[in-house]
Amino acid sequence: MKPSLPGRQDASEEIDLASLLGTLIDHKWLIATVTGICFVLSLAYALLSSPVYQATAMIQVEPKTPTLPGLDDVSQMLTESAPQAVTEIALLTSRSVIGEAVDELNLDIDVHPRRFPLIGGFIARHAAGGAGPAPAWLGMNSYGWGGERLIIDTLEVPGALVGTPLRFEAGESGAYQLYDDDDNLLAKGHVGETIRNGAVKIHVTKMQANPGTEFDVVRQRQLATIAAVQNNITASENAKDSGIILLSYELRDPDMATATLATISKQYIRQNIERNSAEAANSLRFVKEQLPKVRAELEKAEGALNAYQSKAHSVDIGLETKAILDQIVAIDTTLSQLRMQQAEVERRYTSQHPAYRALMKQIGGLEAKRQTLTDKTSDLPQTQQELLRLTRDVQVSTQTYTGLLNQEQQLDIARAGTVGNAYIIDPAVVDVTQPVRPNKLRIIVIGTFLGAFLVVAWVFLKQMLNRGVEDVQAIEQSGLPVYASIPMSPYQRDHESVSRQRMGNGKPYLLAIDAPNDLAIEALRSLRTSLHFAMLEAKNNVLMICGASPGAGKTFVSTNLAVIIAQTGQRVLLIDGDLRRGMLHRIMGHDNAHGLSELLVGKVELDKAIHRWPSLEGVHFISRGPAPPNPSELLMHQNFKALMKTVSEQYDLVIIDTPPILAVTDAAIIGHQAGTSLLVARFGVNRLKELALAKQRLVQNGVELKGAIFNAVERRSDSYYAYGYEYASSKADA
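Residues numbered from 1 in each chain as written. Predicted model: local features only at pLDDT ≥ 70, side-chain atom pairs only at ≥ 80, totals over all residues. Heavy atoms only, no water.

So, the overall build of the protein chain
Counting secondary structure elements, the protein chain contains 26 helices and 20 strands. Total accessible area on the protein chain stands at roughly 37,900 Å², and carbon and sulfur atoms take up 54% of it. (Helix = DSSP H or I, 4+ residues; strand = E, 2+ residues; numbered from the N terminus. Areas by Shrake-Rupley, 256 points an atom, 1.4 Å probe, with all protein chains shown as cover.)

Things to note about a nonpolar patch on the surface
Taken together, Ile 446, Phe 449, Leu 450, Phe 453 and Leu 454 make up a surface patch of nonpolar side chains, about 540 Å² in accessible area. Relative to the helices and strands, Phe 453 resides in helix H12 (residues 440-465). (Patch = residues over 30% accessible without salt bridge, like charges linked within 9 Å, V, L, I, M, F, W, Y side chains within 5 Å. Salt bridge = Lys/Arg side-chain N within 4 Å of Asp/Glu carboxyl O.)

Details of the pairing of strand E10 (residues 233-237)
Two strands pair when backbone bridges link them, and E10 and strand E11 (residues 244-251) are joined in this way by five bridges, in the antiparallel orientation. Across the sheet, the residue bridging to Glu 237 is Ile 245, located in E11. Taking the residues that link successive antiparallel strands as the turn, the E10-E11 hairpin has six residues, and the phi of Asp 241 there is positive, at about 60°. (Pairing = 2+ DSSP bridges.)

Quick notes on the pairing of strand E5 (residues 175-179)
With four of five residues buried, E5 is to be regarded as a mostly interior element. In this structure, strand E4 (residues 166-170) lies alongside E5, joined through four bridges in antiparallel fashion. Residue pairing in the sheet places Arg 167 in a bridge with Tyr 179 of E5. Here E4 folds back onto E5, and the loop between the two strands holds four residues, one of which, Ser 173, carries a positive phi near 55°. The hairpin turn running from E5 into strand E6 (residues 185-190), its antiparallel successor, is five residues long, and Asp 183 in that turn takes a positive phi close to 65°. (Buried < 20%, exposed > 50% of the residue type's maximum accessible area, 1.4 Å probe, protein only.)

Overview of the pattern of salt bridges
Counting across every chain of the model gives 14 salt bridges. Here Arg 167 and Glu 169 are joined by a salt bridge, their closest N and O atoms 3.2 Å apart. Note on Glu 169: relative accessible area 25%, which makes it partly exposed. Where Asp 183 meets Arg 167, a salt bridge forms, and the shortest distance between an N and an O atom there is 3.2 Å. With Asp 183 in the loop between E5 and E6 and Arg 167 in strand E4, the pair connects residues that are 16 residues apart, well separated along the chain. Residue class for Asp 183 comes out partly exposed when judged on its relative accessible area of 48%. Residue class for Arg 167 comes out buried when judged on its relative accessible area of 13%. By sharing partners, the salt bridges in this structure join Arg 114, Arg 167, Glu 169, Asp 183, Glu 214 and Asp 216 into a single network.

What about the sheet that holds strand E19 (residues 676-682)?
Reading across from one edge, E13-E20-E19-E14-E18-E15-E17-E16 is the order of the eight strands in this open sheet, with mixed pairing throughout. Each edge of the sheet is formed by a strand with only one pairing partner; in this case those strands are strand E13 (482-487) and strand E16 (611-612). As paired elements, E13 and strand E20 (residues 707-713) share four bridges and run parallel to each other. If you follow Ala 484 over to E20, its bridge partner there is Ile 709. The strands touched by helix H18 (residues 554-566) are E13, strand E14 (542-547), strand E15 (572-576), strand E17 (619-622), strand E18 (653-657), E19 and E20; relative to E18, the strand with the most contacts, the crossing angle is about 165°. (Contact = heavy atoms within 4.5 Å. Axes fitted to C-alpha atoms, helices over the stretch in contact; angles between N-to-C directions.)

Brief notes about the sheet that holds strand E3 (residues 149-156)
Spatially, E3-E8-E7 is the arrangement adopted by the three strands of the open sheet, whose pairing is antiparallel. Sheet topology places E3 and strand E7 (194-197) at the edges, where each strand pairs with a single neighbour. In this sheet, adjacent strand axes meet at a mean angle of 25° when their direction is disregarded. Sheet topology places E3 next to strand E8 (residues 200-208); seven bridges connect them, and they run antiparallel. Note that in E8 the partner of Arg 149 across the bridge is Gln 208.

Digging into the nonpolar core
Membership of the largest hydrophobic core comes to 48 residues, with the highest contact counts inside it found for Ile 475 and Phe 710. Ignoring sequence-local partners within four residues, the contact set of Phe 710 consists of Val 469, Glu 470, Asp 471, Val 472, Ile 475, Val 482, Ala 484, Ser 485, Ile 486, Ala 681, Arg 682 and Phe 683. By size, the runner-up hydrophobic cluster in this structure holds 38 residues, among which are Leu 510, Leu 524, Ala 566 and Leu 574. (Core = buried A, V, L, I, M, F, W, Y, C linked by side-chain atoms within 4.5 Å.)

What about the packing of helix H5 (residues 95-105) against helix H7 (residues 222-232)?
Contact geometry for H5 and H7: axes closest at 10 Å, N-to-C directions at 110°. In this view, H5 runs roughly perpendicular relative to H7, as classed from their interaxial angle. Along the contact surface, H5 presents Arg 95, Ile 98, Gly 99, Val 102 and Asp 103, while H7 presents Gln 222, Leu 223, Thr 225, Ile 226, Val 229 and Gln 230. (Parallel < 35°, antiparallel > 145°, perpendicular 65-115°, else oblique.)

Here's the deal with the packing of helix H2 (residues 28-48) against H12
Packed helix pairs are specified by the crossing angle of their axes together with the interaxial distance, meaning the distance between the axes. Running from amino to carboxyl end, H2 crosses H12 at an angle of 155°, the nearest separation of the two axes being 8 Å. With respect to H12, the axis of H2 lies roughly antiparallel. In this structure, H2 meets H12 at a crossing whose hand is right-handed. Facing Leu 30, Ile 31, Val 34, Thr 35, Cys 38, Phe 39, Ser 42, Leu 43, Tyr 45, Ala 46 and Leu 47 of H2, the residues of H12 in contact are Lys 440, Ile 443, Ile 444, Gly 447, Thr 448, Gly 451, Ala 452, Val 455, Val 456, Trp 458 and Val 459. When the residues that make up the contact of H2 with H12 are grouped by side-chain class, the tally is 16 nonpolar, five polar and one charged. (Left-handed = near helix turned anticlockwise from the far one by under 90°. Nonpolar A, V, L, I, M, F, W, Y, C, P; charged D, E, K, R; others polar.)

Considerations on the environment of Gly 121
Note on placement: Gly 121 falls in helix H6 (residues 120-125). Overall, the relative accessible area of 18% leaves Gly 121 in the buried class. Measuring from C-alpha to C-alpha, the distance between Gly 121 and Ser 49 comes to 7.8 Å, with 72 residues separating the pair along the chain.

Considering the confidence of the model for the protein chain
Summary statistics for the protein chain give a mean pLDDT of 81 and a share of 79% for residues scoring 70 or more. Taken as a whole, residues 67-82 scores under 50 in pLDDT and shows 25 contacts with residues more than four places along the chain or in a different chain. Low pLDDT, under 50, characterises residues 720-734; the stretch is placed with 17 contacts to residues that sit more than four places away or in other chains. (pLDDT = per-residue confidence, 0-100.)

Thoughts on the layout of surface pockets
Roughly 2,000 Å³ of volume is contained in the largest pocket. Forming the walls of the largest pocket are 50 residues, and the residues nearest its centre are Val 111, His 112, Arg 252, Asp 253 and Met 256. Put simply, the parts of the chain that give the lining of the largest pocket at least two residues each are H5, strand E2 (109-113), H6, E3, H7, E11 and helix H8 (254-311). Here the residues of the lining of the largest pocket are counted per class, giving 25 nonpolar, 13 polar and twelve charged. (1 Å grid on protein atoms, 1.4 Å probe; cavity = no way out; pocket = protein on both sides within 12 Å on 5 of 7 lines; lining within 4 Å. Points joined across faces, edges and corners; volume = space filled by probe spheres on them.)

Notes on the packing of aromatic side chains
Counting across every chain of the model gives eight aromatic pairs. Relative to Tyr 143, the ring of Phe 116 lies with its centre 5.5 Å away and its plane at 80°, an arrangement referred to as edge-to-face. Highlighted residues: Phe 116 in the loop between E2 and H6 and Tyr 143 in the loop between H6 and E3, separated in sequence by 27 residues. Owing to a relative accessible area of 23%, Tyr 143 belongs among the partly exposed residues under this scheme. Both rings, one in Phe 449 and one in Phe 453, keep their centres 6.3 Å apart while their planes meet at 20°; by these two values the pair is stacked. (Phe/Tyr/Trp six-rings, centres within 6.5 Å; stacked < 30°, edge-to-face > 60°.)

Topic: the side chain of Thr 213
Mapped onto the fold, Thr 213 is located in the loop between E8 and strand E9 (214-219). Setting aside residues no more than four positions away along its own chain, Thr 213 makes contact with Asn 141, Ser 142, Tyr 143, Gly 144, Glu 148, Phe 168, Glu 169 and Ala 170.

So this is what it looks like as structure tokens:
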């Protein structure tokens, strides 16, 4: 279900596609204009906006090799609980890595040549490439027109000037000057010199610009620069658990984008190598600390075994005992390694960390197995048990000591080799032929579509909110017969500014005189004929023209109707009954003196209050006069009744232009003295409820409303009135 057209009281609530299409056709020029403007603006933005380029690189991160025996299981668990790529991405975009890139490239010194507003960037990007800067246009040397380059590797300024744009002016033969935002000279010198002036220190490495060219130089805060780089850099894993990290960095300067991403990658690889080297050094130090202790334990175990064998006269171990010994030795060797690893893990993690808990669980399991094997040896002879224990201690100490020696050699090689587990697969590159932003075609399409969508939405919203009546049938169905439908006059609308200039300067402007063949005047001639028959049974020849609200066009109808009737040879008196804001005197090109308000209080005679119009003898008028403090009381006075009786006898027709009935009660008072009353309704402005309320208010005051005049009717593509309008227009043209 859908609402019917504004102003219609149809029972159907279904969407009328013809009505919607007609609304679009009625506003086709507005829609086309706004859409065209949005297209032009989108095209201009796409062409004038600075392109943004994307540098890309690829880094491979391999799993770390355990530096201590027995770390494989723990490393695998750590990899499952926290993917290594996530950690490496965080390290790659950390302040430590990016901060070193900022320092190396001086990214915290922001330098940009000043461009001509709006189109300067476009001109500079399309300037002919050459060894030097492009020549200035029209002598405007302060702007850069393409090819400018300024490299400042040192810039120190007071804290108050950090983040503030400074003006750098290039001079002749490598000279330059630096000013603050108040045009105070901060430093002056030549390229290659280190200039210090108080708290200001500057060193310009290279300057390529025309003399007089100005640059905006900003010494940014390092943290702000690092944050800006972090916002523009993107790091992501190519595929889950692949260890391949894709890097991208977006910037307007493609060369700087490539250099920045390459430097970040280089700094990350360097720090990765340093971290691995430091880790190997720490582990090597730990192993060297353990070697003397293990060697002492080995010597002690060997001495105890030799002493016992001498005492027991070289007792040998049986086959069964030998099998148990091998198992216990293997378990003790593993336990010894795990306990050394425990010290390393405790140094890195807390007791609640998954790696520590997994290690302790593994140690507990091995100790349980060892206890089971130990219980089996309790049935052996005492001599065999003691020999088994001493032999076990020797073998375990020997294997542990040998393992530590091997580990020491491996860690020493790893520390000396300084090899990391991250590698640059694809170095940073940028495709200067394909900027990532702006997407010109997309911007133009979206901008044009958005403009068309917004203007269409505005048209429909305006149509929906403006519930003014637009159909003659709707007025007649409300109980008001329509005496005339006056179309909107294109001539009146086009010459509206001229009419304002002529109002009040002695040169009246009326459509009936300036454009007598206009369709609106033809409609008023039809109204003249209808009034002739409508007023045959009226009590007098006084016609009141009123409106429901301001802006209905009652003054336009009153004045032009008076002229049309006077052209038939009748004498017409036009009275401005709006004692508050009446403008009839200005339309007739006359002053406001000796008007109706003075006539009603007796300050002026009737002959002086009636103004004659020399260009048309049959039309006379009475202006409103000075605004009185009590207009309603004046109109209720007997003087007004006597005036109406007098002028109705002197003229063939008396037309009174009254104020809106819904604003004040003057129209209801005047209506008692008028034989015929008509209500003016404006197309698309007055609502049916307003017309019904205006009629009700007049009826309640004893005024009979004869009918309505539908004014300023506009052509609608979905209205049947358009056919009559077209027909009338063709006849008038013929």
